[in-house]
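What the coordinates show
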Amino acid sequence: MELVNIVDEYGNRMHYKRYQGRTFHPDVIGNVGDHLAEVAAYKGQPDDVLLCTFPKSGTHWVFNMVQMIRGNNLEYSGTPVVMEFHPISDIEKLQSPRMYLTHAAYPFIPDAAKRGDIKIIQVMRNPKDSVLSFYEFFKSMRNMAYEGTFDGFLKYFLSDEFCGVGCSLFTYLKEWEEAKRNNKDLQILNLRYEDLKKNLFENVIKISKFLNLERTSSFLHEVEKNVSFERLKKKHDTQTGETDRWKNNTEGGRLPVYRKGIVGDWKNTFTVAQNEKFDAVYKEKMEEMRLPLDEFIFE
């Protein structure tokens, strides 16, 4: 494993770990390789659910939604345990039914999930909104992987060196899409952030059916109400939103995960030049990887 520290010509700072040609967030545990081996070997429990998201794609929103449905209650569940940032022992301490998270690329999820022994719920979002939210997230925390301007972060995000998940956005999309096409054992529910915003109740029902749970329509409507952005943010601002894992990065260990929660916020920040650059790189990379251009990005 190699620790990489880069300062570009504009003073933007990037800090990450490189392992076997892949880039990882500096908070991935230890030397990366040993921890990834533990994650790969983790067998889980029969009723576990693995939440897979590219960073800043509605992770905490969907996590709490699913936990309410599974627990048949309307309690706020706080922040999920993240496989690449927490020791496996933290997952073992969770009460059933358990749900834990990974932002990692497909090759780095547990083998049990690849075999279909652990159900997967994956959430994707327009990457233009994700990159803006990711930048604001980094700005709100200490000791993070990037310090600098949004323009510098956007260039970093579009590069092959981006360190969020063990690969760039484009490799992440390619590896997951290939897995969905070729691995018939996957038990996976695909959700879109924009679809959730458009018709939340329909997707709440979809989650319930995927997990083979019988829940009344009235209860699922209550879930819909209780996962509104305003309610979750209010709950997150209580002690439930605090976690020791991130106490060195943010006040009280409370991750700044509830910012705006809207679709299309990128339009309020991107300059014309930034948008044109994003579209050009996106088109080039998606065509290079033979992925459909309109599959992951929305107006």
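Criteria and cut-off values
Per chain, residues are indexed from 1 in the order of the written sequence. Under the rules for a predicted model, residues below a pLDDT of 70 receive no local features and side-chain atom pairs below 80 are neither given nor counted, while totals for whole chains, interfaces and linings still include all residues. For side-chain calculations, the full set of non-hydrogen atoms in the structure is used, while hydrogens and water are omitted. Note on aromatic pairs: the rings of Phe, Tyr and Trp (six-membered ring only in Trp) are paired at centre separations within 6.5 Å, and the planes decide the class, stacked below 30 degrees, edge-to-face beyond 60, tilted for the rest. What counts as a helix is a DSSP run of H or I of at least four residues, what counts as a strand is a run of E of at least two, and both are numbered from the N terminus. Accessibility here uses a 1.4 Å probe with only protein chains present; expressed as a share of the type maximum, an area under 20% marks a residue as buried, one over 50% as exposed, and anything in between as partly exposed. Two conditions define a charge located above a ring, namely a distance within 6 Å from the ring centre to NZ of Lys or CZ of Arg, and an angle within 35 degrees of the ring normal. When a carboxyl oxygen of Asp or Glu is within 4 Å of a side-chain nitrogen of Lys or Arg, the pair counts as a salt bridge. For this quantity, the arc is that covered by the directions from the helix axis to the C-beta atoms. Note on contacts: a residue pair is in contact if any heavy atoms of the two residues lie within 4.5 Å. When DSSP finds at least two bridges between two strands, those strands are taken to pair. Angles shown run from 0 to 180 degrees and are taken between the N-to-C directions of axes, each axis being a line fitted to C-alpha atoms and, for helices, limited to the stretch in contact. Only protein atoms enter the calculation, which uses a 1 Å grid: trapped sets of points that fit a 1.4 Å probe without letting it out are cavities, open sets showing protein on both sides within 12 Å along at least five of seven lines are pockets, and any residue with an atom within 4 Å of a point is a lining residue. Grid points are joined across faces, edges and corners, and a volume is the space filled by probe spheres set on the points. Three classes are used: nonpolar for Ala, Val, Leu, Ile, Met, Phe, Trp, Tyr, Cys and Pro, charged for Asp, Glu, Lys and Arg, and polar for all others, with Gly counted as polar.

**Brief notes about the packing of aromatic side chains**
A full pass over the atoms with the stated rule returns 26 aromatic pairs. Look at Phe 134 and Phe 162: their rings are 5.6 Å apart centre to centre, the planes differ by 80°, and that puts the pair in the edge-to-face class. Here Phe 134 is found in helix 5 (residues 127–139), whereas its partner Phe 162 is found in the loop between helix 6 (150–157) and helix 7 (169–182), with 28 residues between them in sequence. The exposure classification of Phe 134 matches that of Phe 162, with both residues buried. Their ring planes at 75° and their centres at 5.7 Å tell us that Phe 138 and Phe 153 sit as a pair that is edge-to-face. Of this pair, Phe 138 sits in helix 5 while Phe 153 sits in helix 6, and the two are 15 residues apart along the sequence. As far as burial versus exposure is concerned, Phe 138 and Phe 153 are alike and both buried. In this structure, Lys 114 is placed above the aromatic ring of Tyr 106, and the distance from its NZ or CZ to the ring centre is 5.1 Å.

**Here we look at the pattern of salt bridges**
Scanning the model with the defined rule gives 15 salt bridges in all. Measuring nitrogen to oxygen at the nearest pair gives 2.5 Å for the salt bridge that ties Glu 175 to Arg 22. With a gap of 153 residues between them, Glu 175 in helix 7 and Arg 22 in strand 3 (residues 22–24) connect regions that are remote in the sequence. Two residues, Lys 225 and Glu 222, come together in a salt bridge whose shortest N-O distance is 3.4 Å. Remark: Glu 222 and Lys 225 occur in helix 10 (residues 217–226); sequence separation between them is three residues, near one turn of the helix.

**Let's talk about helix 10**
For helix 10, the full list of buried residues reads Phe 219, Leu 220, Val 223 and Asn 226. Viewed end-on, helix 10 has its buried residues packed into an arc of 120°, placing them on one side of the element. Taken together, the buried residues of helix 10 touch helix 2 (59–71), helix 9 (200–210) and helix 11 (229–236).

**Considering unusual backbone geometry**
Backbone torsion omega between Ser 96 and Pro 97 reads -5°, so that peptide bond is classified as cis. Looking at where Pro 97 falls in the secondary structure, it is placed in the loop between helix 3 (88–92) and strand 5 (99–102). Even without glycine at this site, Lys 56 takes up a positive phi of about 65°. Note on placement: Lys 56 falls in the loop between strand 4 (49–53) and helix 2. Backbone geometry at Asn 212 places phi at a positive 55°, although glycine is not the residue there. The residue Asn 212 is located in the loop between helix 9 and helix 10 in this model. Of the residues examined, Asn 212 reaches a relative accessible area of 62% and is grouped as exposed.

**Some remarks on the sheet that holds strand 6 (residues 119–124)**
Pairing is parallel across the open sheet formed by four strands, whose spatial order is 5-4-6-8. Single-partner strands in this sheet number two, and they are strand 5 and strand 8 (188–192). For this sheet, the mean angle separating the axes of adjacent strands, direction not counted, is 20°. With five bridges joining them, strand 4 and strand 6 adopt parallel strand pairing. The residue bridging Cys 52 from the neighbouring strand is Gln 122, located in strand 6. Sheet strands in contact with helix 7 are strand 4, strand 6 and strand 8, and its direction is about 140° off that of strand 6. Across the sheet, helix 9 touches strand 6 and strand 8, and the angle it forms with strand 8 is around 170°.

**Description of helix 6**
Among the eight residues of helix 6, six are classified as buried, and the element is accordingly described as predominantly covered. Turning to helix 6, its buried residues are Phe 150, Gly 152, Phe 153, Leu 154, Tyr 156 and Phe 157. Among the structural elements, strand 2 (13–19), helix 5, strand 7 (146–147), helix 7 and helix 12 (272–288) are those in contact with the buried residues of helix 6.

**Side note on empty space enclosed by the protein**
According to the stated counting rule, one finds two cavities of 30 Å³ or more in the structure shown. As a volume, the largest cavity reaches approximately 60 Å³. Looking at the largest cavity, the residues that line it are Phe 24, Val 28, Leu 36, Glu 84, Ala 104, Phe 108, Gly 164, Val 165 and Gly 166. Per-class residue counts for the lining of the largest cavity are six nonpolar, two polar and one charged. Volume-wise, the second largest cavity comes out at about 40 Å³. Forming the walls of the second largest cavity are Leu 36, Val 39, Met 83, Glu 84, Thr 102, Ala 104 and Phe 108. Partitioning the lining of the second largest cavity into residue classes produces five nonpolar, one polar and one charged.

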